Amino acid sequence: MSFRDENLRLPSQDWRAYQGVLSRRVFAFLIDYAIVALLWIPAAVVVFFLGIITLGLGFFLYPILFVVVAMLYFGLTVGGSRQASPGMSMMGLTLARTDGRPMDFLTAIVHLVLFWVGNALLTPFIVLIGLFTDRGRLLQDLLLGTVMVRAESYWAARA
């Protein structure tokens with residue numbers, strides 16, 4: 001165990017807080033991206049009318065629209081008070097920082113971007129990393145100092 005691991009303050013030392021997190025995380029991902037795809041539709045309509053109002057300049061937002069919607073979605077939900085997106089909440093998960101501080105908007109966005117970059121470079125091996133790390137942590141979790149835990153154990157420990 002290295003010096004860094006000794007100073008790691010996890011939300012819970014109980015192994016049950018991390019049991020089944022990796023498989024739940026996959027289903028939460030599918031739910032969240034279905035929601036983001038649904039949110040993209042009204043955003044595309046807004047950009048269409050914005051494009052008409054701005055005489056075509058607003059149409060330049062279309063290539064980055066999905067990215068913007070996803071970043072706002074994850075930044076506001078994971079960086080919010082529940083520290084979980086709706087998909088994570090449905091699967092009973094929450095994202096916690098190992099330093100004990102709550103997730104904020106910027107950390108949630110960086111977590112998402114690191115996931116995208118890791119997924120682009122390591123697909124499909126990004127999920128396999130979780131099989132070999134402690135508590136099923138993925139690459140973006142290791143880089144940012146976060147961990148995915150079961151929500152009930154996290155909030156019970158915080159109360």
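Here the structure is shown first, and the text comes after it.
Residues numbered from 1 in each chain as written. Predicted model: local features only at pLDDT ≥ 70, side-chain atom pairs only at ≥ 80, totals over all residues. Heavy atoms only, no water.

## Quick look at the packing of helix α3 (residues 62-78) against helix α5 (residues 105-122)
At step 1: Running from N to C, α3 and α5 cross one another at 130°; their axes reach a closest spacing of 8 Å. Considering the angle they form, α3 stands oblique to α5. The way α3 lies across α5 gives a crossing that is right-handed. Here V67, A70, M71, L72, F74, G75, L76 and V78 of α3 lie close against α5, whose contacting residues are F105, A108, I109, L112, V113 and W116.
At step 2: In the contact of α3 with α5, the residues fall into 13 nonpolar, 1 polar and no charged. (Axes fitted to C-alpha atoms, helices over the stretch in contact; angles between N-to-C directions. Helix = DSSP H or I, 4+ residues; strand = E, 2+ residues; numbered from the N terminus. Parallel < 35°, antiparallel > 145°, perpendicular 65-115°, else oblique. Left-handed = near helix turned anticlockwise from the far one by under 90°. Contact = heavy atoms within 4.5 Å. Nonpolar A, V, L, I, M, F, W, Y, C, P; charged D, E, K, R; others polar.)

## Some remarks on the packing of helix α2 (residues 21-53) against α3
At step 1: Following both chains from N to C, one finds α2 and α3 inclined at 125°, their axes separated by 9 Å at the closest point. With respect to α3, the element α2 is oriented oblique. α2 and α3 meet at a crossing whose hand is right-handed. Touching D32, Y33, I35, V36, A37, L39, W40, A43, A44, V47 and F48 of α2 are Y62, L65, F66, V69, A70, Y73 and F74, all from α3.
At step 2: Each residue belonging to the contact of α2 with α3 can be placed in one class, and the counts come to 17 nonpolar, no polar and 1 charged.

## Some details on the environment of L61
At step 1: With respect to the helices and strands, L61 occurs in the loop between α2 and α3.
At step 2: The spacing of L61 and G51 is 10 residues in sequence and 8.6 Å in space, taken between C-alpha atoms.
At step 3: If we ignore the near neighbours within four places in the chain, the residues touching L61 are V47 and L50.

## Quick word on the pairing of strand β1 (residues 93-97)
At step 1: β1 sits mainly inside the fold: 5 of its 5 residues count as buried.
At step 2: A two-sided burial pattern is seen for β1, the buried positions comprising L93, L95 and R97 on one face and T94 and A96 on the other.
At step 3: Where β1 meets strand β2 (residues 146-150), 5 bridges bridge the pair, whose relative direction is antiparallel. Directly across from L95, in β2, lies its bridge partner M148. (Buried < 20%, exposed > 50% of the residue type's maximum accessible area, 1.4 Å probe, protein only. Pairing = 2+ DSSP bridges.)

## Describing the nonpolar core
At step 1: Counting 21 residues, the largest nonpolar core has V36, L65, F74, V78, M88 and M148 as its most contacted members.
At step 2: Contributions of two or more residues to this core are made by α2, α3, β1 and α5.
At step 3: Element by element, the count of residues in this core is highest for α2, at 7 residues.
At step 4: Setting aside residues no more than four positions away along its own chain, M88 makes contact with A28, D32, V78, L93 and M148.
At step 5: By size, the runner-up hydrophobic cluster in this structure holds 5 residues, among which are A17, Y18, V147 and V149. (Core = buried A, V, L, I, M, F, W, Y, C linked by side-chain atoms within 4.5 Å.)

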